[in-house]
Amino acid sequence: MTLLLILLLLLAAAVLCCPLEKVHPGSSRALAIFSLLMTTVLLFGYLWAPRVFTVPATLADLWWDQLNWAWIPRFGIRFHLGIDGLGFLMLALTLGMGLFGLWITPGQIRQRVGLFHCCYLLTIAGVVGVFTALDLFLFFFFWEVMLIPMFLLIAIWGYEDRTRAAIKFFIFTQASSLLMLAAIVALAYLSYLQNGEITFSLQHLAQARLPLHTQYWLMFGFFIAFAVKLPAVPLHPWLPDAHTQAPTAASILLAAVLLKTGAYGLLRFTLPLFPEACSAFAPLALMIGVASIVYGAMAAYAQQDIKRLVAYSSVSHMGFVLIGVFSGNSTATLGAITLMIAHGLSSAALFGMVGKLQQRFHSRNIAEMSGLWATLPRLSAVALVFVMAAIGLPGLGNFVAEFLVLVGSFPSYPWLTTAAVSGVILAAMYGLRLLQRVFFGLPHSNQVTPDMQDLSRRELAVFSCAGLLLLWIGLYPQPLLSQAKEWVEVIHNRTIENPANYTPRRDGDSRLKGSEAGY
Amino acid sequence: MPLLGFITLSCTPLWLQREPSEKFTTVLGVGSVGLAALLTAALGAGFQTHDATIIQTPLWQWVQVSDGKFPLQLNFGFHVDALTLVMLSVITGVGFLIHVYSAAYMRGDDSYRRYFAYLNLFVFSMLVLVLADNLALLYLGWEGVGLCSYLLIGFWYRNPDNGRAARKAFIVTRVGDTAMLIGLLLLLKEFHTLSLQPLMNAVRSPGADPEVLTLAALLLLGGTTGKSAQLPLQTWLPDAMAGPTPVSALIHAATMVTAGVYLVARCHDLFLRSEIAMLATATIGTLTLLLAGISALAQTDLKRVLAYSTISQLGYMFLALGAGAFSAAVFHLVTHAFFKALLFLSAGVVILSLHHEQDIRSMGGLRKKLPLVCTAFAIGCAALAALPLTSGFFSKEQILAQTWNTFGGLNPFWIGGIVGALVTGMYSARLLTQVFFGREGSASQHCRSAQMPAMSVPLTVLALLALLGGAIPLHLDSVFGSIGNHHVPSLVQWIAAAAPICGILIWLLIRYLAEQNRAKTQSHFFFPILQNWARNGWGFDRLYQALLTAPLRWVASANRDDIVDKCYASVGSTCLRLHFWLSRTQSGLLRSYLTAIVAGVIGVLFLFLLITAVRL
């Protein structure tokens, strides 16, 4: 029920935003923040539920909470929501970063304030739906729901070239999700032919035994939709434009949350639904991952626009996620999930930082800034911390995540992993270039204007929260890993490459049986 | 138990972010390191009395996951044995002296607090590095050290050159780190652990695959060449002199660059299993010590001379490691830390007194103006050149003797070491005479002594250590196992002892000849081209620039607009063009519609006729 409450609260707040803003200017922002805070509290209520830390015996026990109503009974479509450890992490990231995005950007939206917050909350509601839906049709529904308000956020409140960027974003996502829709319908139809019962439920569809050939095509439909969102080279071009043109809060939402829906989709749907096809496809997927890492980093190195630079660095990081998801090893997959969280934090903070720069200089061009450390030491220190996190400094979250991905994928794919490690050098190159050009060096004389203020205490506190979380993940990621572990085991007990070699762990016996029984 | 207090203390530097007054910063910044030094001393005393060899302090689980087959477990835990203790003493002891010195050197700088925060963070990372009980945690310290080095080299950020040097240091060492990371992955794949003790036990067991061991050792060696500035990744160190001089002393002489030596010594079991890796280490060491030594001879910047001499001395340590003389390498590490810190700190006083003039050609005759510094510098130079009875003599002697033994008598490594010692003698003498003796240069006329008590004390202590440090017993046998005390022929020992003296004499002779023949400038003792080449560090920079940096930059900038994006854009523009052409047909002109209809009808008829014709 709490899940529904979270969704309804967000929707209600979204609907109320517009009229409230008319009555009381400025109140919609407060309402949005309030609703996000409330939902976060609701979400964290789950941590007190006793079942969270018990080992699930069957797949049905995997879910902390479920909601399963008939929606369109004729087609077996159900309104089926569920939350487990992975979902919890993703929801926490969504709500937390949603809050971060609003908190860090006060006063940046001047026109149609109510509508802005309405769209913002609708996007978050869509994402929450995506992260909880267990019915494929419902999932697709939410997938589209989160797209449209995001499109509006870019198209209405974006920067100079916003229309083009928004359309590009829309076309890429829409075209690829059409493929996914086709694959969903085909999958439901095939399972109908097998079982004589039409259903869109993840658990039931995963039972369908399809020939590899068919699996391959269906998987492709899903993969492309998720790879566009991720994004993976060569499906990434929407991202730099969308990120660059979106207003800061929307950029944060895009980077921290929307990209993760792609990786989440791969983990939640593609891998369990098409296990054989996925392991056959893995080498190619890893190659795409490595290509993303190198290509993204090289492109980031060349950018003049700071926001574009950060955007391309996201492409590079998501390459690691792709590798982790597809390398067929639970260590790597856990690494991918950790990276989703860590990258969410670090990229959101970096976009927040760029937003602060844009607010002060009305420019995002690297060439127009220099030596900011002298005038803005706090902002510069924030940038230093998060750039270091982004380039994988040990002790911060991204390192642990990338390390796990590499450790997991190295035994099976040593050469591809080695190629991926080289991305670490390239990351240092673009990261330090950004620091050097913007924050070090001689300050431009024309920059020092009287209204140039460093971060306020409150802003600094918000940034430090993100920094501390990263530090926590970097030094003690265990709680996070243990939340994500259950689902990862579910995936890998199905996709383990050679079942003959597989001997279940002693304490995992019951769990293994359970998950097989569940399917 | 001192360990516990020590851990909390090593973390305190991290809290040093928000302290306003300079005095407070000094007390906190210097005090924390001083306390750490005291605790280390207590720890050492504890070792002596309890006769312990190893202390393990597990802290908390870092990562624990399992991929169904093998669990991966990384812990935060500290591991102290004799080797760690030696490193701890050097880091905290020399580090403390340098902190004290810095307090005077950096006085009045507007980023005084930032300076000490970085410096403490550095000491913290370095301590993590040497205390780590597994390689992943060591890597954490390793990278942390790299970060601090980046921050400190670029400390005076207003000058873009410093920034460039800092970035270079970070990226070049990162190349090495990447090799090391791959090495860690390989070890993890083979042995499923990164904890030092189980890992080394696994490595020692005869079942381990020798090829994998060689590969892993070489990859780790790659990491150490980055951090310890060995061939082929040595290029960052001379540029790293852009930072404040105490930083050069602390990072680029006494501690950070020794991390590589420490790593090899720590993993000596791994290296001992692989003949090739040992040979590679020795070769790298010998080549580095020769090339860097000769480069040092050609430098004109005071700090760059010292930088190249550091690289050269690190080469000696690697030679020792490659020869299996691990304790000799660590011994040289310790003595080198003493005399190189001394040299850098004295150089710092000289530079400050000459208003940031660093060109040794404009110095000279400073002996009278800076007597204490001159004495200190002379002691440092003597130890650097390994003159008998200084600390450097004992350690270098050990290295050369072991090299002689391991490689069986007369061998290229030993000859390299002897030639290196000769060259070391030459550049030490050159440096000393250029700066402190002879005629007064242009800069030395404006010399105003910037010496302060806070500077003299560390100088004196370090000078004593550089002189007498050779007598400190290190008790490293518990770590490396005792190596049988083979005696080398006394002639060999005499040659090794005489080499630096010969070097000094040769230099004096050259100088004398140059004095006679005033037409030539003093330092033109070998061909100018060769000299230029050596001064530019044998052209490595230019080589990398041409082979790596420039192409990379070219590719990146060529792809600035993202070629993939252009592909999609061309899809879009094709659509637009089609749309344009098609929309032209919807002109609304009846005439053109009629024309099109008639043309269409004729065309269809014609086609029809053609088909029937073909059928017939």
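The residue numbering used here restarts from 1 in each chain and proceeds along that chain's sequence as written. Each chain takes a letter, starting from A, and each ligand takes a number, starting from 1, following the order in which they are written. For this predicted model, a pLDDT threshold of at least 70 governs which residues receive local features, and a threshold of 80 or more governs which side-chain atom pairs are given and counted, while totals over whole chains, interfaces and linings are taken from all residues. Note: side-chain values were computed over all heavy atoms of the structure, leaving out hydrogens and water.

Examining the state of the cysteines
Note on terminology: disulfide describes a covalent bond linking the sulfur atoms of two cysteines. All names here are of chain B. Disulfide assignment relies on a single distance test, namely cysteine sulfur atoms paired within 2.5 Å. In total, this model carries zero disulfides over all chains according to the counting rule given. No disulfide involves cysteine 575; its sulfur sits 14 Å from the nearest other cysteine sulfur, which is in cysteine 567. Categorising residues by exposure relies on relative accessible area from a 1.4 Å probe, with only protein chains included: less than 20% of the type maximum marks a residue as buried, more than 50% marks it as exposed, and the intermediate range marks it as partly exposed. Judged by its relative accessible area of 48%, cysteine 575 falls in the partly exposed class.

Quick word on unusual backbone geometry
Cis geometry is adopted by the peptide bond preceding proline 231 of chain A, which originates at leucine 230 of chain A and carries an omega value of -10°. Secondary structure elements are defined from DSSP: runs of H or I of at least 4 residues count as helices, runs of E of at least 2 residues count as strands, and each element is numbered from the N terminus. Along the chain, proline 231 of chain A turns up in the loop between α9 (212-229) and α10 (238-245). Between valine 233 of chain A and proline 234 of chain A the backbone carries a cis peptide bond, its omega angle lying at 5°. Relative to the assigned elements, proline 234 of chain A resides in the loop between α9 and α10. Of note in the backbone geometry, histidine 362 of chain A takes a positive phi value of approximately 55° without being a glycine. Mapped onto the elements, histidine 362 of chain A comes out in the loop between α14 (330-361) and α15 (372-375). In the Ramachandran plot, alanine 229 of chain B falls in the positive-phi region, its phi being about 55° despite a non-glycine side chain. With respect to the helices and strands, alanine 229 of chain B occurs in the loop between α8 (210-227) and α9 (236-239).

What to know about the packing of aromatic side chains
All names here are of chain A. Only centres within 6.5 Å qualify two rings of Phe, Tyr or Trp (six-membered ring in Trp) as a pair; their planes then separate them into stacked at under 30 degrees, edge-to-face at over 60, and tilted for everything else. As enumerated under the stated definition, the model contains 39 aromatic pairs over all chains in all. Geometrically, the ring pair formed by phenylalanine 44 and phenylalanine 88 is edge-to-face, given 5.5 Å between the ring centres and 75° between the ring planes. You can see phenylalanine 44 sitting in helix α2 (residues 27-45) and its partner phenylalanine 88 sitting in helix α4 (residues 85-104), a full 44 residues away along the chain. A relative accessible area of 32% means that phenylalanine 44 is categorised as partly exposed. Taking the centre distance of 5.3 Å and the plane angle of 55° together, the rings of phenylalanine 169 and tryptophan 238 count as tilted. Here the residue phenylalanine 169 occupies a position in helix α7 (residues 162-195), and tryptophan 238 occupies one in helix α10, the gap between them amounting to 69 residues. In this pair, the class of phenylalanine 169 matches that of tryptophan 238, namely buried. Its guanidinium or amino end placed over the ring of tryptophan 143, lysine 229 lies 5.0 Å from that ring's centre, counting from NZ or CZ. Only lysine NZ and arginine CZ atoms are considered, and such an atom sits over a ring when it is within 6 Å of the ring centre and within 35 degrees of the ring normal.

Digging into the interface of chain A and chain B
Contacts between the two partners involve 62 residues from chain A and, on the opposite side, 50 residues from chain B. Summed over both partners, the accessible area (1.4 Å probe) lost when two parts come together is defined as the buried area. Approximately 5,100 Å² of surface area, both sides summed, lies buried where chain A meets chain B, with 69% of it carried by carbon and sulfur atoms. Contact with chain B buries area across many residues of chain A, yet Phe403, Phe410 and Leu432 of chain A alone supply 11% of it, more than any other trio. We define a salt bridge as a contact between a side-chain nitrogen of Lys or Arg and a carboxyl oxygen of Asp or Glu at a distance within 4 Å. The tally of links from chain A across to chain B stands at zero salt bridges. Here the side of chain A that touches chain B gets 14 residues from one element, more than from any other, and that element is helix α18 (residues 414-439) of chain A. Gly is put with the polar residues, along with every residue not named as nonpolar or charged; the nonpolar set is Ala, Val, Leu, Ile, Met, Phe, Trp, Tyr, Cys and Pro, and the charged set is Asp, Glu, Lys and Arg. Residues belonging to the side of chain A that touches chain B are distributed by class as follows: 42 nonpolar, 16 polar and four charged. Should any heavy atoms of two residues lie within 4.5 Å, those residues are considered in contact.

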